[in-house]
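# Examination of the molecular architecture
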Amino acid sequence: MDDLAIVRQFYDNTVQYEWERLDRHKVEFELSKRYMNRYIKPGDKVLDLGGGPGRYSLYLSALGCDVTLADLSPNNVNFARNKAQELGLPLEVLCADSRDLSSIADEQFDHVLCMGPMYHLKEEKDRAATIQECLKKLKPNGVLFVSFVSSYSFVWDYLIRNPAFILADDRRSELHTMIEDANFAGHGFTDNYYIRPRDVAPFFEAFQLEKLHVINCESFLYLREPELLAQPPEVVSAWLDLAEQVCEREELLSVAEHFMYMGRKNE
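Below, the structure is looked at part by part. (Residues numbered from 1 in each chain as written. Predicted model: local features only at pLDDT ≥ 70, side-chain atom pairs only at ≥ 80, totals over all residues. Heavy atoms only, no water.)

### Concerning the side chain of Glu133
Here Glu133 is to be found in helix α6 (residues 124–137). Reaching out from Glu133, the side chain makes a polar contact with the backbone nitrogen of Leu101 at a distance of 2.6 Å. Excluding its chain neighbours within four sequence positions, the residues that come into contact with Glu133 are Ser98, Arg99, Asp100, Leu101 and Ser102. (Helix = DSSP H or I, 4+ residues; strand = E, 2+ residues; numbered from the N terminus. Polar contact = N/O pair within 3.5 Å; in protein donor to acceptor, adjacent residues only side chain to side chain. Contact = heavy atoms within 4.5 Å.)

### A closer look at the packing of helix α3 (residues 26–37) against helix α4 (residues 55–62)
The contact between α3 and α4 brings their axes to 12 Å, and the two run at 45°. As summarised for this structure, α3 and α4 are arranged oblique, according to the angle between their axes. For the element pair α3 and α4, the recorded crossing hand is right-handed. Residue-level inspection shows Glu28, Phe29, Ser32, Lys33, Met36 and Asn37 of α3 in contact with α4, the latter providing Arg55, Tyr56 and Tyr59. Across the contact of α3 with α4, the residue classes break down as 4 nonpolar, 2 polar and 3 charged. (Axes fitted to C-alpha atoms, helices over the stretch in contact; angles between N-to-C directions. Parallel < 35°, antiparallel > 145°, perpendicular 65-115°, else oblique. Left-handed = near helix turned anticlockwise from the far one by under 90°. Nonpolar A, V, L, I, M, F, W, Y, C, P; charged D, E, K, R; others polar.)

### Observations concerning helix α5 (residues 74–87)
Under the 1.5 Å per step criterion, the end-to-end length of α5 is 20 Å for 14 residues, consistent within 8% with the ideal 20 Å. Among the residues of α5, Asn76, Val77, Phe79, Ala80, Lys83 and Ala84 are the ones counted as buried. Here the buried residues of α5 occupy an arc of 165° about the axis, which is enough to place them on one side. Away from its buried face, by an angle of more than 90 degrees, α5 presents the exposed residues Gln85 and Glu86. (Expected span 1.5 Å × (residues − 1). Buried < 20%, exposed > 50% of the residue type's maximum accessible area, 1.4 Å probe, protein only. Arc of directions from axis to C-beta.)

### A word on the pattern of salt bridges
Side chains that carry opposite charge are capable of pairing whenever their charged atoms lie near each other. This model, assessed by the stated rule, comprises 24 salt bridges. Glu107 is the salt-bridge partner of Lys265, the closest N and O atoms lying 3.5 Å from each other. In this pair, Lys265 is assigned in strand β9 (residues 258–265) and Glu107 in the loop between β3 (92–95) and β4 (109–114), connecting sequence segments 158 residues apart. The class for Glu107 is partly exposed, based on a relative accessible area of 45%. When the shortest N-O distance is used, the salt bridge between Arg127 and Glu124 registers 2.8 Å. Of the two residues, Arg127 and Glu124 both sit in helix α6, 3 residues apart, roughly one turn of that helix. Look at Arg127 and you get buried, because its relative accessible area is 5%. Among the residues examined, Glu124 registers a relative accessible area of 45% and is labelled partly exposed. A network of salt bridges, in which partner residues are shared, links Arg34, Arg38, Asp241 and Glu244. (Salt bridge = Lys/Arg side-chain N within 4 Å of Asp/Glu carboxyl O.)

### Some points on the pairing of β4
By the criterion of burial, β4 is predominantly enclosed, with 5 of the 6 residues buried. For strand β1 (residues 45–49) and β4, the ladder comprises 4 bridges, and the chain directions are parallel. Among the inter-strand pairings, Asp48 is bridged to a residue of β4, identified as Leu113. In terms of strand pairing, β4 meets strand β5 (residues 138–150) through 5 bridges, oriented parallel. (Pairing = 2+ DSSP bridges.)

### Concerning α3
Taking 1.5 Å as the rise per residue, α3 with 12 residues should run 16 Å; its terminal C-alpha atoms sit 16 Å apart, in good agreement. For α3, the full list of buried residues reads Val27, Glu28, Phe29, Glu30, Leu31, Ser32, Lys33, Tyr35 and Met36.

### As for the state of the cysteines
Going through the model one piece at a time under the given rule, you end up with 0 disulfides. As a non-bridged cysteine, Cys114 has Cys134 as the owner of its nearest cysteine sulfur, 4.2 Å distant. Classification of Cys114 by relative accessible area gives buried; the value is 0%. (Disulfide = S-S within 2.5 Å.)

### Focus: the pairing of strand β7 (residues 191–195)
Most of β7 sits out of view: 5 of its 5 residues are buried. By the alternation rule, side chains of β7 split into Asp191, Tyr193 and Ile195 and Asn192 and Tyr194, which are all buried. Note that β5 and β7 share 2 bridges and pair parallel. Bridge pairing in β7 places Val149 opposite Tyr194. With 4 bridges connecting them, strand β6 (residues 184–187) and β7 associate as antiparallel partners. Its bridge partner lying in β7, Phe184 is registered against Tyr194. Taking the residues between adjacent antiparallel strands as the criterion, β6 and β7 are bridged by 3 residues.

And the structure:
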């Protein structure tokens, strides 16, 4: 299968897992929503590109936004449609490749979320094409939200899940990404692209965007997240408040699993 088919099949087979993932990774979900809430308001029109089963789409729809979810996986799109109907929320859905959004009218969205496609586009030209497509769909002064997976994510993931992975030959080669200080394009949880923290902001310099933020979506909480989420809600909330205040610090980007870039489209 080609790269596109591999990624589509992976997400077609993991819809429920993806829906539940942000319950297990609540820090990522909550910090991302807090930054979205700084810009996205009720009544705004939002494109959620690569929106998966719809966690962010449905959150924004419940806030009163006019949301369109586009995803490569038909199973994700169907799940999001059904979940919206179950919750009584309006949601437009369609299948789309992030590199070609010609089926969607230009300059109609106040905000575009691109929080998934960059995890899988191994070629620079495909990542650039996706950003250009996002910009076409944004209104002038619209805000773009783009997520990436860190090239260090193997390290943190393996330490949490199973430290013995370092003894397996295939896992050891992935961990050497850290020693090589390189971006990763290859097979991770499916076909993946993982980026070094310092390469996120420079990637966007080629586009007509005013940088607003680059955040570590887990701040400093990632390695202790399971223990944190076992605490009472007021404790979790207090740590999230602290994490939000420092998640843009460059020295903390390397302890992230996910980054998010936010930029405003120039007129």
